[in-house]
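One letter stands for each residue in the lines below.
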Amino acid sequence: MLTLRERQINAIKQMLNLNSQQPKALAAEPVWKILIYDRVGQDIISPIISIKELRELSVTLHVQLHSDRDSIPDVPAVYFCLPTDENLDRIQQDFSNGLYDIYHLNFLAPISRNKIENLAAAALHAGCVANIHRVYDQYVNFISLEDDFFILKHQQSDQLSYYAINRANTRDEEMEALMDSIVDSLFALFVTLGNVPIIRCPRNSAAEMVARKLEKKLRENLWDARANLFHMDATQAGGGVFSFQRPVLLLLDRNMDLATPLHHTWSYQALVHDVLDLGLNLVYVEDEATAVSARKKPKACDLDRTDRFWVTHKGSPFPTVAEAIQEELESYRSSEEEIKRLKTTMGIEGESDIAFSLVNDTTAMLTSAVNSLPQLMEKKRLIDMHTKIATAILNYIKARRLDSYFEIEEKIMSKQTLDKPLLELLRDVDFGQPEDKLRLYIIYYICGQQLPEPEMERLRDALQAAGCDLTALAYVQRWKSIMNHSPGISQATQYEGGGTRTVSMFTKLVSQGSSFVMEGVKNLVVKRHNLPVTKITEQVMECRSNAETDDYLYLDPKLLKGGDVLPKNRAPFQDAVVFMVGGGNYIEYQNLVDFIKQKQTSNVHRRIIYGGSTLTNAKQFLKELSALGGEIQQPAAS
C-alpha cells in the first residue's frame, strides 16, 4: 500500500515523463528535458526527489522560473509552478521570447478560467500555440517531509503561521485568502490520497472555518460529474491510500495547546529541529575550522529516507542515538579490518603481477570483499555525518543544560514536585539561555499549579534579570484566561507528561574509545504518554463518547444534506489525517507515531498522517508569541 509521500513522488515522476505512463518494456531512449519551477515547486520537489533521481528521469537542467534563462531549442520544457499572476507573466514573456520549442505547463493548483484564456491569448500573440503540448492541473501543492508527515509551506511560511491566523488586525479578506490557501492544499492532499474524508473539528475556531470551506469544496467536486477527481477507477489509482475504510480528517487549532511547541525535547529528530534548524530534511552543521583563522563553513547534511540509520533512530532518545552511532562505527571498523587482513594474508601488499597469479583460489573471498566496498563507503559517510550532527547537538545540550530542562518540564507536565524551586532555577546564571528560561516559565504558567500573583511577579522579575524579553507573556496570559472560560477546551489541555527516570550512562559511551564525551549529560528514559493532540486523536478514532470531542463538528462531504453531529453507533476509524491549523512540530508527530505503533495488531493495520500549516521550532514559535504580545501592549502604550 502506497504512503502519502510515495503517491506524491509518483505524481511528480509521471509529470516528468511528460504526463504519459510508459510501460517499462517499451521505454525507448530517454527524452531529455528541462525542469523550470518556482520557489513553491522547488520546496515540494527537493525533499522527495534528489538531483541524482532527477538525472535518472532525464532532467538535464533544473532552473528557477524567475532566473535569467537562455533559449534552448528542441528540448521539452516542463514548467512546475503556481498559477500566480507573477508566474504567468513570466511564462508569457518566455512565449514571446521564443525560449523553448515544446512547452509542458503543470500548475500546482488549478488555474482559473480567465487566467488560462489570457495565457492562450498571449500564446496566440507570440505565435507559439503549436509549441504548447500540454497544460495540466497537478494536485500536489503540499510538502511531504516523511511518509506520514506533511506541511503546506516552507519558504514564506509566515503567511500561514500561528501569528498570521491570530493577529489582532487581520482584515476579513486576508483571513479568507489565508483559509482558502489552507483548504486548497488539503483538497490537493486528498486528491493525491484518492479518498474523501469525514471531517471532525472543534467548533468556533480557525479549524472550523477550514472544515466548512473544505467540506463545501469536496462536495462541489463530488457532485460535478465532469470534473470529479475522486472516481478514479480502482486499478489506475491503486484504490486510494486507505483501504475501503474512509479516513477521518481531524482539524485542530494550535490554540488548544501552546505548551508542546515550546517544550524542550529529547528525541533525535526533534532535537535536530530545535537546536540545528532542520528544514526540508536538510540541516547545516558547522565544520570544525582547519586553520585558526579560517571561517567555519556550515556543511549541508541530507536526512532522507535512504539513510537507514536516520529512519531507524529519528524517534529515539538522544543517548540511545549516541550509543547506536558508536555501535555502527565499531561494526564498520571490523569490516575494514577484515579487508585489510585479506590483503595481507594474500601477500598483495606490493600489488605485483606475480602476487596476483598466486591468489586464484582466494579471489572469491577478495571479490566479495571488494563488492561490499561501495556499501562500506556509504556506511562510513553516514556514520561521519551522524557523528557530526550528534556532536553538534551534544555541545548544545551541555552548554544549555537541555537534559535538565527536558526533565523539569516533564515533571511540570506530569504535576510532580520539582527538586529545586523554579525561582532558584531561573536565577541560576549558568542554567541555559534566556530563551530556555522563558520557555520553561511559560510551560509552568500553562501546566503548573496556580501560584499567587506575588510569587508569579517574583518569577517574572527573575526572568527580566536573566535578560528575557517578556513581550510574549502578555499574549499567553490573555490566551490562558480565554481558555479557562471556554468549556471543552480546558480538559484537552490536561497534560499528563510521562515524567522521566534517569538510568546509569551506558558503559560503551563512558569507555575511552567513544567520540562522544557524555559526562554530565543525564541518560533520561521517557515514560510513554500521550500529548493533548494524541489524546483527542485517540478519542476521535475510537468514536468514544467524551465530553470534549462529542461537541466536535462531524461533516461528511458525500452526504447531500449533511448534518454536523456525530451519528450514533459509528464504527471506529482505522485511518486518520491529523492537521494542525497554525503550525505543527516534530514532538507531536513523534508522539502520534509512537501511539499508533502500540495500536497495531496482527489483523488491524491503523495509520495516522500528521500535518501542519507550517513547521515551527520553539525559537520561531516564541518569536510569533512575542509579536502577538507586542500587539497587545502596543495599544496600551499608545
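The model shown is predicted, which means the values in this text are computed figures rather than measured ones. (Residues numbered from 1 in each chain as written. Predicted model: local features only at pLDDT ≥ 70, side-chain atom pairs only at ≥ 80, totals over all residues. Heavy atoms only, no water.)

A.B. asks: Teacher, can you tell me more about the overall build of the chain here?
C.D. replies: Along the backbone of the chain there are 25 helices and 16 strands. With 638 residues in all, the chain has 52% of them scored as buried. Considering only residue pairs separated by 6 or more positions, the chain has 79% of its internal contacts joining residues 24 or more positions apart. Total accessible area computed for the chain in this model is approximately 30,400 Å², and 52% of it derives from carbon and sulfur atoms. (Helix = DSSP H or I, 4+ residues; strand = E, 2+ residues; numbered from the N terminus. Buried < 20%, exposed > 50% of the residue type's maximum accessible area, 1.4 Å probe, protein only. Contact = heavy atoms within 4.5 Å. Areas by Shrake-Rupley, 256 points an atom, 1.4 Å probe, with all protein chains shown as cover.)

A.B. asks: What is the right way to look at the nonpolar core in this model?
C.D. replies: The nonpolar side chains of a soluble globular protein tend to be buried with one another. Formed by 93 residues in total, the largest nonpolar core has its most connected members in Leu35, Phe80, Val272, Ile389 and Ile393. Residues in contact with Val272, not counting those within four places in the same chain, are Asp277, Leu278, Val283, Leu303, Trp310, Ile389 and Ile393. (Core = buried A, V, L, I, M, F, W, Y, C linked by side-chain atoms within 4.5 Å.)

A.B. asks: Would you mind going over the environment of Arg341 with me for this structure?
C.D. replies: Mapped onto the elements, Arg341 comes out in helix 12 (residues 318-345). A polar side-chain atom of Arg341 sits 3.1 Å from a polar atom in the side chain of Glu338. (Polar contact = N/O pair within 3.5 Å; in protein donor to acceptor, adjacent residues only side chain to side chain.)

A.B. asks: Any chance you could explain the sheet that holds strand 6 (residues 143-146) here in plain terms?
C.D. replies: Whenever strands of a sheet pair, they do so through backbone hydrogen bonds, lying parallel or antiparallel. The seven strands lie next to each other as 6-7-16-15-9-8-14, forming an open sheet whose pairing is mixed. Of all strands in the sheet, those bounded by a partner on one side alone are strand 6 and strand 14 (553-555). Each strand axis lies, on average, 20° off the axis of its neighbour in the sheet, ignoring direction. Examined bridge by bridge, strand 9 (residues 248-253) and strand 15 (residues 575-581) share six bridges and lie parallel to one another. Bridged to Val248 within strand 15 is Ala576. Packing against the sheet, helix 23 (residues 532-542) makes contact with strand 8 (198-201), strand 9, strand 15 and strand 16 (607-612), and its axis sits at approximately 145° to strand 9. (Pairing = 2+ DSSP bridges. Axes fitted to C-alpha atoms, helices over the stretch in contact; angles between N-to-C directions.)

A.B. asks: Quick question: what am I supposed to make of the packing of aromatic side chains here?
C.D. replies: Two aromatic rings, taken as a pair, are described by how far apart their centres are and by the angle between their planes. For the structure shown, the criterion picks out 19 aromatic pairs. Between Tyr586 and Tyr589, the aromatic rings sit 6.4 Å apart at their centres with planes inclined by 65°, giving edge-to-face as the arrangement. With Tyr586 and Tyr589 both in helix 24 (residues 586-599) and three residues apart, this pair spans about one turn of that helix. With respect to class, Tyr586 is no different from Tyr589; both count as buried. (Phe/Tyr/Trp six-rings, centres within 6.5 Å; stacked < 30°, edge-to-face > 60°.)

A.B. asks: What's the story with the pattern of salt bridges in this structure? I'm lost.
C.D. replies: Where charged atoms of side chains with opposite charge meet at close range, the side chains can pair. Going through the model one piece at a time under the given rule, you end up with 37 salt bridges. Residues Arg439 and Asp274 are paired through a salt bridge, measuring 3.0 Å at the closest nitrogen-oxygen approach. Of this pair, Arg439 sits in helix 18 (residues 434-447) while Asp274 sits in helix 10 (residues 268-276), placing them 165 residues apart in sequence. Between Arg460 and Glu453 there is a salt bridge whose closest N-O contact spans 2.5 Å. One salt-bridge network, held together by shared partners, links Asp274, Arg400, Glu435, Asp436 and Arg439. (Salt bridge = Lys/Arg side-chain N within 4 Å of Asp/Glu carboxyl O.)

A.B. asks: Would you take a moment to explain helix 10 for this structure?
C.D. replies: Every α-helix winds through 3.6 residues per turn, so residues three or four apart in the chain are directed the same way. When you tally the buried positions in helix 10, you get nine out of nine residues, the bulk of the element. Every buried residue belonging to helix 10 is among Tyr268, Gln269, Ala270, Leu271, Val272, His273, Asp274, Val275 and Leu276, and all of these are buried. Once helix 10 ends, the next one or two residues include Asp277, with phi positive near 60°.

A.B. asks: What should I look at first to understand the layout of surface pockets in this one?
C.D. replies: Roughly 940 Å³ of volume is contained in the second largest pocket. Along the wall of the second largest pocket there are 36 residues; nearest its centre are Leu82, Thr84, Lys153, Gln159 and Ser181. Elements with a minimum of two residues in the lining of the second largest pocket: helix 2 (39-45), helix 4 (85-97), helix 6 (162-166) and helix 7 (172-193). Taken together, the residues that form the lining of the second largest pocket break down as 13 nonpolar, twelve polar and eleven charged. (1 Å grid on protein atoms, 1.4 Å probe; cavity = no way out; pocket = protein on both sides within 12 Å on 5 of 7 lines; lining within 4 Å. Points joined across faces, edges and corners; volume = space filled by probe spheres on them. Nonpolar A, V, L, I, M, F, W, Y, C, P; charged D, E, K, R; others polar.)

A.B. asks: What should I look at first to understand the sheet that holds strand 1 (residues 33-37) in this one?
C.D. replies: Ordered by their spatial adjacency, five strands build an open sheet running 2-1-3-4-5, and the pairing between neighbours is parallel. At either end of the open sheet lies a strand with only one pairing partner, and these are strand 2 (59-64) and strand 5 (132-137). The mean angle between the axes of side-by-side strands here comes to 20°, regardless of whether they run parallel or antiparallel. Here strand 3 (residues 72-81) pairs with strand 4 (residues 100-107) via seven bridges, running parallel. Bridging across to strand 4, Cys81 finds its partner in Phe107. Docked against the sheet, helix 1 (residues 4-16) engages strand 1, strand 2, strand 3 and strand 4, running at close to 155° with respect to strand 3.

A.B. asks: Explain the packing of helix 14 (residues 363-371) against helix 15 (residues 373-400) to me, please; I cannot follow it from the model alone.
C.D. replies: A pair of packed helices can be characterised by two numbers: the angle between their axes and the separation between those axes. Between helix 14 and helix 15, whose axes approach to 4 Å, the crossing angle comes to 35°. Between helix 14, through Ala369, Val370 and Asn371, and helix 15, the contact on the second element is made entirely by Leu373, Pro374 and Gln375. A per-class count over the contact of helix 14 with helix 15 returns four nonpolar, two polar and no charged.

A.B. asks: Please explain unusual backbone geometry as it appears in this structure.
C.D. replies: The phi angle of most residues is negative, glycine excepted, and most peptide bonds adopt the trans form. A positive phi angle is found at Asp277, which is not glycine, with a value near 60°. Topologically, Asp277 is positioned in the loop between helix 10 and strand 10 (282-286). The partly exposed category is assigned to Asp277, whose relative accessible area is 48%. Positive phi, normally seen in glycine, also occurs at Leu280, with a value near 50°. Note on Leu280: relative accessible area 14%, which makes it buried.

A.B. asks: Explain the side chain of Asp257 here, please?
C.D. replies: Structurally, the position occupied by Asp257 is in the loop between strand 9 and helix 10. As a buried residue without a salt bridge, Asp257 has its nearest oppositely charged side chain in Arg254, at a separation of 4.0 Å. Of note is the side chain of Asp257, whose polar atom sits 2.5 Å from the side chain of Thr260. (Lys, Arg positive; Asp, Glu negative; His and termini not counted.)

A.B. asks: Could you clarify how one ought to interpret the side chain of Asp94 in this entry?
C.D. replies: Here Asp94 is to be found in helix 4. Look at Asp94 and you get buried, because its relative accessible area is 1%. If near-sequence neighbours (up to four positions away) are discounted, Asp94 is found in contact with Leu65, Arg69, Tyr79, Leu99 and Tyr103.

A.B. asks: What should I look at first to understand the packing of helix 16 (residues 402-413) against helix 18 in this one?
C.D. replies: For the pair helix 16 and helix 18, interaxial distance at closest approach is 9 Å and the crossing angle is 10°. Regarding the angle of helix 16 to helix 18, the classification is roughly parallel. Contacts between helix 16 and helix 18 involve Leu402, Tyr405, Ile408, Glu409, Ile412 and Met413 from the first element and Asp436, Lys437, Leu440, Ile443, Tyr444 and Cys447 from the second. Broken down by class, the residue content of the contact of helix 16 with helix 18 amounts to nine nonpolar, no polar and three charged. (Parallel < 35°, antiparallel > 145°, perpendicular 65-115°, else oblique.)

Scope: geometric values only; no functional claims are made or implied.
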